[in-house]
Amino acid sequence: MTSSLRLRAAIVSIALFAAFLGIWHIATRGTGTVANMTPEYAKLMGLTATAGKSAMPGPLDVGAKLWEHLKSPFYDNGPNDKGLGIQLGFSIARVGLGYFLAVIVAIPLGFLIGMSPLFSKALDPFIQVLKPISPLAWMPLALYTIKDSSISAIFVIFICSVWPMLLNTSFGVAAVRKEWINVARTLEVGTIRRAFTVILPAAAPTILTGMRISIGIAWLVIVAAEMLVGGTGIGYFVWNEWNNLSITNVIIAILLIGIVGMLLDQILARFTRMVTFPE
Amino acid sequence: MTDKFISIEGIARRYPGADGGQISVFEDLWLSMPRGEFGCVIGHSGCGKTTVLNILAGLDEPSEGAVIVDGQAIEGTSLDRAVIFQSHALLPWRTVLGNVSYAVTSKWRKWDRAKVKAHAQKFIDLVGLTGSEHKRPSELSGGMKQRVGIARALSITPKIMLMDEPFSALDALTRGTLQDEVRRICLETGQTAFMITHDVDEAIYLADKIFLMTNGPGAVLAEIVENPLPKDRARIDLHRHPLYYALRNHIVDFLVSRSKTFAATVINHDPRNVPIVRPGLSEPTIVASPKMIETSPAQTIAR
Ligand SMILES: Nc1ncnc2c1ncn2[C@@H]1O[C@H](COP(=O)(O)OP(=O)(O)O)[C@@H](O)[C@H]1O
Ligand SMILES: [Mg+2]
């Protein structure tokens, strides 16, 4: 029953995708009227104006270009011409580093807030004010103080990933069932051991959920951050290709951003399943 | 000292009330038990039974008074006093063996893995869960979960076992077998046990002494009932014992009427010297007299 449902869903997915490609292809086939112009002018205007070609690339253009990129993902011809693999690698590395720093800070701090009502109350106003700030708003301040565009981007990733993890960790820790804590208490388990043997496993699903939200936000933010700071990364690539008016490359980049984002989410989803316990 | 292995000395527990005052669950409560005895507390919901047990466990603190165990005032929780929780409170991410081992390693920090495992296994076998060591709590029935709870409590070889309505969430059949199990273990090991229950038959079967508590707020320990049934009583033919109904009626009478009226009717109750009652054959039983049946005020007026 479920396998047949899965099969039917797959068929519908493929049909929708094919329909999408078909409509895209027809819409960009090029029906525009060809203006009458001198050959010199026509050269300047490009195919859009001369051959009636649509400004929007069709699926075949994108497919051909994508195949080109996939054949050599790691070439490096100077600052403005790098393979997509290299650009994505830069973005993933920045996200990874900023995210890792956020984990190191948010989880212990979340434990502290969750376990101590004093710190929970004392830190609450700071968190309430800092949390809603758009991570990109930190960028000028980061650039000014750090004076390095790449590290600034990492800082922005750090600041945007820290909040969901911090809030979920403190919530998960504070919501650990009283009876489990009481078990540890009656067994004279010390605070540190209690944190690792009772609170951490009990709160792990909530913490991992926060980490999953964070990785999603980090991947959203890295594109914008790299557009701002430039240099390398998939966000910079998008912006650079827009300046080159290569919509084909922009579409390819969008597709890849989506796929990488999905993979990151799936990895965290798998970790979440690993720590989830049935009750 | 053995006649007062556990000694609750004048404890009170108060909670801040809504109007800024204090609500007292109970005041000046005294209770003692010798080593190796099985004590049961019976009382209506909300009278403060759990509160007493939590104070005894060290999970809660009295507003006044002290609890002395084995000659020493208790301070917080202790591995000497194991608790069997009503909701079993197993750690769901650990297996049966993992849950029991957690208690064992908590008591004996320096033991190696093999020793911990062997010790835990002994208690898993004792409660009849051999073969289920590697199951997680979610894969166990309610009765099996509570068996793990019992194994966990016993595995640390506590001086006292504290049980808060441990079987109330179980079906009658499972409850019966677990009662047998607990009674067998306690008799074999001379375990001192303190248990809260709602079930009169459970108290009659298991307890040497039954503590009757009146309704709260301001609950008092009204009476200590000594169980007159022989030590080698069996659960299935409990009701055939000549003293069974005398004992049972005495407790039920208390729960039905006296627990409500006690505070108003008994004026010279001394909380330090609670009367000890041993229901005998002379206990009043129904002899066609309507007085023994509780009458509502309306009926009284009509008569
Ligand atoms: N945290 C609390 N704050 C205020 N009142 C409480 C609290 N915990 C328990 N009580 C009160 O103490 C009384 C005794 O509770 P409890 O010991 O759980 O009763 P029992 O176990 O006999 O049913 C109840 O009336 C309850 O309302
Ligand atoms: Mg209770």
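Residues numbered from 1 in each chain as written. Chains lettered and ligands numbered in written order. Predicted model: local features only at pLDDT ≥ 70, side-chain atom pairs only at ≥ 80, totals over all residues. Heavy atoms only, no water.

Asks: Where do I start with the overall build of chain B in this structure?
Replies: Counting its secondary structure elements, chain B contains eight helices and eleven strands. Rg of the C-alpha trace for chain B: 21 Å, near the compact-globule value of 19 Å for 303 residues, within the 12% margin. Expressed along its principal axes, the backbone C-alpha trace of chain B runs to roughly 75 × 50 × 40 Å. With 303 residues in all, chain B has 50% of them scored as buried. Of the accessible surface of chain B, which amounts to about 14300 Å², a share of 54% is contributed by carbon and sulfur atoms. Chain B carries 35 positive and 34 negative side-chain charges, and their two centres are separated by 5 Å. (Helix = DSSP H or I, 4+ residues; strand = E, 2+ residues; numbered from the N terminus. Rg over C-alpha atoms; globule rule 2.2 N^0.38 Å. Buried < 20%, exposed > 50% of the residue type's maximum accessible area, 1.4 Å probe, protein only. Areas by Shrake-Rupley, 256 points an atom, 1.4 Å probe, with all protein chains shown as cover. Lys, Arg positive; Asp, Glu negative; His and termini not counted. Charge placed at Lys NZ, Arg CZ, Asp CG, Glu CD.)

Asks: What am I meant to see in the interface of chain B and chain A here?
Replies: How large an interface is tends to be reported as the accessible area lost when its parts come together. Between chain B and chain A, the contact holds 22 residues from the first and 19 residues from the second. For the pair chain B and chain A, the summed buried surface comes to about 1900 Å²; carbon and sulfur atoms form 63% of the total. At the boundary of chain B and chain A, one finds zero salt bridges. For the pair chain B and chain A, the number of links is eight residue pairs in polar contact (both at pLDDT 80 or more). (Contact = heavy atoms within 4.5 Å. Buried area = accessible area lost by both parts, 1.4 Å probe. Salt bridge = Lys/Arg side-chain N within 4 Å of Asp/Glu carboxyl O. Polar contact = N/O pair within 3.5 Å; in protein donor to acceptor, adjacent residues only side chain to side chain.)

Asks: Explain the pattern of salt bridges here, please?
Replies: Close approach of charged atoms allows side chains with opposite charge to pair. Across all of its chains, the model carries 21 salt bridges over all chains by this definition. A salt bridge links A:Glu179 to A:Arg177; its shortest N-O distance comes to 3.2 Å. Classification of A:Glu179 by relative accessible area gives buried; the value is 17%. Among the charged side chains, a salt-bridge network with shared partners connects B:Arg35, B:Asp70, B:Asp80 and B:Lys159.

Asks: Would you mind going over the domain arrangement of chain A with me for this structure?
Replies: Segmenting chain A into domains produces domain 1 (1-29) and domain 2 (84-275). Of note, the centres of domain 1 of chain A and domain 2 of chain A, computed from C-alpha atoms alone, are 34 Å apart. (Domains from an automatic or database assignment.)

Asks: Teacher, can you tell me more about empty space enclosed by the protein here?
Replies: If you roll a probe as big as a water molecule over the atoms, it shows you where there is empty space left. For the coordinates displayed, the defined rule picks out two cavities of 30 Å³ or more. Estimated volume of the largest cavity: approximately 60 Å³. Lining the largest cavity are A:Val183, A:Thr186, A:Leu187, B:Ala82, B:Val83, B:Phe85, B:Arg152, B:Ala153 and B:Ile156. Looking at side-chain class alone, the lining of the largest cavity contains seven nonpolar, one polar and one charged residues. There is about 40 Å³ of room inside the second largest cavity. (1 Å grid on protein atoms, 1.4 Å probe; cavity = no way out; pocket = protein on both sides within 12 Å on 5 of 7 lines; lining within 4 Å. Points joined across faces, edges and corners; volume = space filled by probe spheres on them. Nonpolar A, V, L, I, M, F, W, Y, C, P; charged D, E, K, R; others polar.)

Asks: Where do I start with the site of ligand 1 in this structure?
Replies: Residue and element names in this part refer to chain B. Within the structure, ligand 1 sits among Tyr15, Val25, His44, Ser45, Gly46, Cys47, Gly48, Lys49, Thr50 and Thr51. One of the backbone N or O atoms of Cys47 is found 3.3 Å from an oxygen atom in ligand 1. Within the backbone of Gly48, a nitrogen or oxygen atom sits 3.0 Å from an oxygen atom of ligand 1. When ligand 1 sits alone it has 570 Å² of accessible area, and the protein chains cover 55% of it. Considering each element in turn, the shell around ligand 1 owes the most residues, three residues, to helix α1 (residues 49-57). Here the shell around ligand 1 is built from residues that sort into three nonpolar, six polar and one charged. (Near = heavy atom within 4 Å.)

Asks: What should I look at first to understand the environment of B:Asp237 in this one?
Replies: In this fold, B:Asp237 is placed in the loop between β10 (221-226) and α7 (244-265). On the accessibility criterion, B:Asp237 (38% relative accessible area) is partly exposed.

Asks: Just checking my understanding: could you explain the nonpolar core for this structure?
Replies: Formed by 152 residues in total, the largest nonpolar core has its most connected members in A:Met211, B:Phe38, B:Phe194 and B:Ile251. Among the elements that line this core, the one with the most residues is helix α10 (residues 191-229) of chain A, at 16 residues. Here B:Phe38 is in contact with B:Met33, B:Met163, B:Val182, B:Cys186, B:Ala193, B:Met195, B:Leu206, B:Ala207, B:Asp208 and B:Lys209, once residues within four sequence places are set aside. (Core = buried A, V, L, I, M, F, W, Y, C linked by side-chain atoms within 4.5 Å.)

Asks: Would you explain the sheet that holds strand β1 (residues 6-16) of chain B in this entry?
Replies: Residue and element names in this part refer to chain B. Taking strand neighbours across the sheet as the criterion, the four strands line up as β2-β1-β4-β5 in an open arrangement whose pairing is antiparallel. Only two strands of the sheet have a single partner each, and these edge strands are β2 (22-33) and β5 (72-73). Both β1 and β2 contribute to a ladder of eight bridges, which runs antiparallel. Paired with Tyr15 across the two strands is Ile23, which belongs to β2. Together, β1, β2 and β4 (64-69) form the strand contacts of α1, whose direction differs from that of β1 by roughly 120°. (Pairing = 2+ DSSP bridges. Axes fitted to C-alpha atoms, helices over the stretch in contact; angles between N-to-C directions.)

Asks: So what exactly am I meant to see when it comes to the pairing of strand β7 (residues 160-164) of chain B here?
Replies: Two faces belong to every sheet, and in a regular strand the side chains alternate between them. Residue and element names in this part refer to chain B. Extensive coverage of β7 is indicated by the burial of five of its five residues. Judged by which residues are buried, β7 turns out to be covered on both faces: Ile160, Leu162 and Asp164 on one side and Met161 and Met163 on the other are all buried. By the bridge criterion, four bridges tie strand β6 (residues 81-84) to β7 in an arrangement that is parallel. What sits directly across from Arg81, in β7, is Ile160. Sheet analysis places β7 next to strand β8 (residues 192-197), joined by five bridges and oriented parallel. For Leu162, the partnering residue across the bridge sits in β8 and is Phe194. Remark: the β7/helix α5 (residues 172-189)/β8 crossover connection has right-handed handedness. (Right-handed = clockwise from strand over helix to strand, strands pointing away.)

Asks: So what exactly am I meant to see when it comes to α1(B) here?
Replies: Since the α-helix turns once every 3.6 residues, residues separated by three or four places project in the same direction. Residue and element names in this part refer to chain B. With seven of nine residues buried, α1 lies mostly within the body of the structure. For α1, the full list of buried residues reads Lys49, Thr51, Val52, Leu53, Ile55, Leu56 and Ala57. Gly58, located one to two residues past α1, shows a positive phi value of around 90°.

Asks: It is not clear to me how the sheet that holds β10(B) should be interpreted in this structure. Could you clarify?
Replies: Note on sheets: strands pair through backbone hydrogen bonds, and any given pair is parallel or antiparallel. Residues and elements named next belong to chain B. Strand order in this open sheet of seven strands is β6-β7-β8-β3-β9-β10-β11, and the pairing throughout is mixed. In this open sheet, the two strands that pair with only one neighbour each are β6 and β11 (276-277). Where strand β3 (residues 38-42) lies against strand β9 (residues 209-213), four bridges are found, and the strand directions are parallel. Note that in β9 the partner of Gly39 across the bridge is Lys209. Sheet strands touched by α7: β3, β9, β10 and β11. Its angle to β10, the strand with the most contacts, is close to 175°.

Asks: Would you take a moment to explain the environment of B:Cys40 for this structure?
Replies: All names here are of chain B. Of note, Cys40 is situated in strand β3. A relative accessible area of 0% means that Cys40 is categorised as buried. For the pair Cys40 and Phe211, spaced 171 residues apart in sequence, the C-alpha separation works out to 6.0 Å. Look past the residues within four positions of Cys40 in its chain and what remains in contact with it is Met195, Thr197, Ala203, Ala207, Lys209, Ile210 and Phe211.

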